Amino acid sequence: MPFDNITQSFGEWQERLNTLAEHSGLHSILIMESKPDTMEVVVANEQTIYNVGDCGPKSRQPGCHELYCERVVDTAQPVFIPDASIDDEWKGNEDYVKFNLGVYLGFPLVNQGVVVGTICALNDKTFDFNEGSPSMCSELVQLKNDIELAFS
């Protein structure tokens, strides 16, 4: 199981996510595992919405809109949604509808050539992921690389 090493070092990963969230002002930074019908939170920064073990239903379940992370997993590509409130494709997304988190940037986590999850950031207001040095985008890419190294 690729996420076993992550859960065994949970405190270290959560501290990294907490630090990134505090320094950037982002609401949520999550390590997510893709399961057949859900996306599950493996590690989350300390905030009030997402907890370890929380699952969001994928769109293959009746009545469910596609999840941001589901798109990352299905395409094996990064996904950036600057504002779901003005994007007809994403207005029905659970993170936006339930939690008002309409800004999203996520990267695929790959283990042995298979996308197994995502590292992602969500926010409730406009956010420039390319601002700063290092940028939040580059910080998330570094985190992605470190997580993938931990899989092995």
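Undergrad: An account of the sheet that holds strand E4 (residues 79–81) is needed here, citing residue identities and associated values.
TA: Taken in spatial order, the six strands of this open sheet run E3-E2-E1-E6-E5-E4, and their pairing is antiparallel. Either end of the sheet is taken by a strand with one partner, and the two such strands are strand E3 (55–57) and E4. Across the sheet, the axes of successive neighbouring strands diverge by a mean angle of 25°, strand direction being ignored. Of the strands in this sheet, strand E1 (28–34), strand E2 (38–44) and strand E6 (114–123) touch helix H2 (residues 10–24), which is tilted by about 85° from E2. Against the sheet, helix H3 (residues 68–75) contacts E1, E2, E4, strand E5 (103–111) and E6, and its axis sits at roughly 145° relative to E6.

Undergrad: How would you explain the nonpolar core if you had to name every residue and give the values?
TA: In terms of nonpolar packing, the biggest core is built from 27 residues, with Ile6, Ile29, Ile31, Ile119, Phe129, Leu140 and Ile147 touching the most fellow members. Secondary-structure elements contributing two or more residues to this core are H2, E1, E2, E5, E6 and helix H5 (136–151). Among the elements that take part in this core, H5 stands out by supplying seven residues, more than any other. Counting 21 residues, the second largest nonpolar core, distinct from the first, contains Ala44, Val72, Trp90 and Leu101.

Undergrad: So what's going on with the pattern of salt bridges? Which residues, and what values?
TA: Per the counting criterion, the structure on display carries eight salt bridges. Of the charged contacts in the structure, one is a salt bridge between Arg71 and Glu89, with a shortest N-O distance of 2.3 Å. Here Arg71 is found in helix H3, whereas its partner Glu89 is found in the loop between E4 and helix H4 (94–99), with 18 residues between them in sequence. Given the relative accessible area of 22%, Arg71 is considered partly exposed. In this structure, a network of salt bridges that share partners links the residues Glu66, Arg71 and Glu89.

Undergrad: Quick rundown of the environment of Ile6? Include the residues and the values.
TA: With respect to the helices and strands, the residue Ile6 is situated in helix H1 (residues 4–8). By relative accessible area, Ile6 is classed as buried at 0%. With 144 residues separating them along the chain, Ile6 and Ala150 place their C-alpha atoms 6.9 Å apart. Apart from the residues within four sequence positions on either side, Ile6 is in contact with Trp13, Ile31, Val42, Val43, Ile147, Ala150 and Phe151.

Conventions used here
- Residues numbered from 1 in each chain as written.
- Predicted model: local features only at pLDDT ≥ 70, side-chain atom pairs only at ≥ 80, totals over all residues.
- Heavy atoms only, no water.
- Pairing = 2+ DSSP bridges.
- Helix = DSSP H or I, 4+ residues; strand = E, 2+ residues; numbered from the N terminus.
- Axes fitted to C-alpha atoms, helices over the stretch in contact; angles between N-to-C directions.
- Contact = heavy atoms within 4.5 Å.
- Core = buried A, V, L, I, M, F, W, Y, C linked by side-chain atoms within 4.5 Å.
- Buried < 20%, exposed > 50% of the residue type's maximum accessible area, 1.4 Å probe, protein only.
- Salt bridge = Lys/Arg side-chain N within 4 Å of Asp/Glu carboxyl O.

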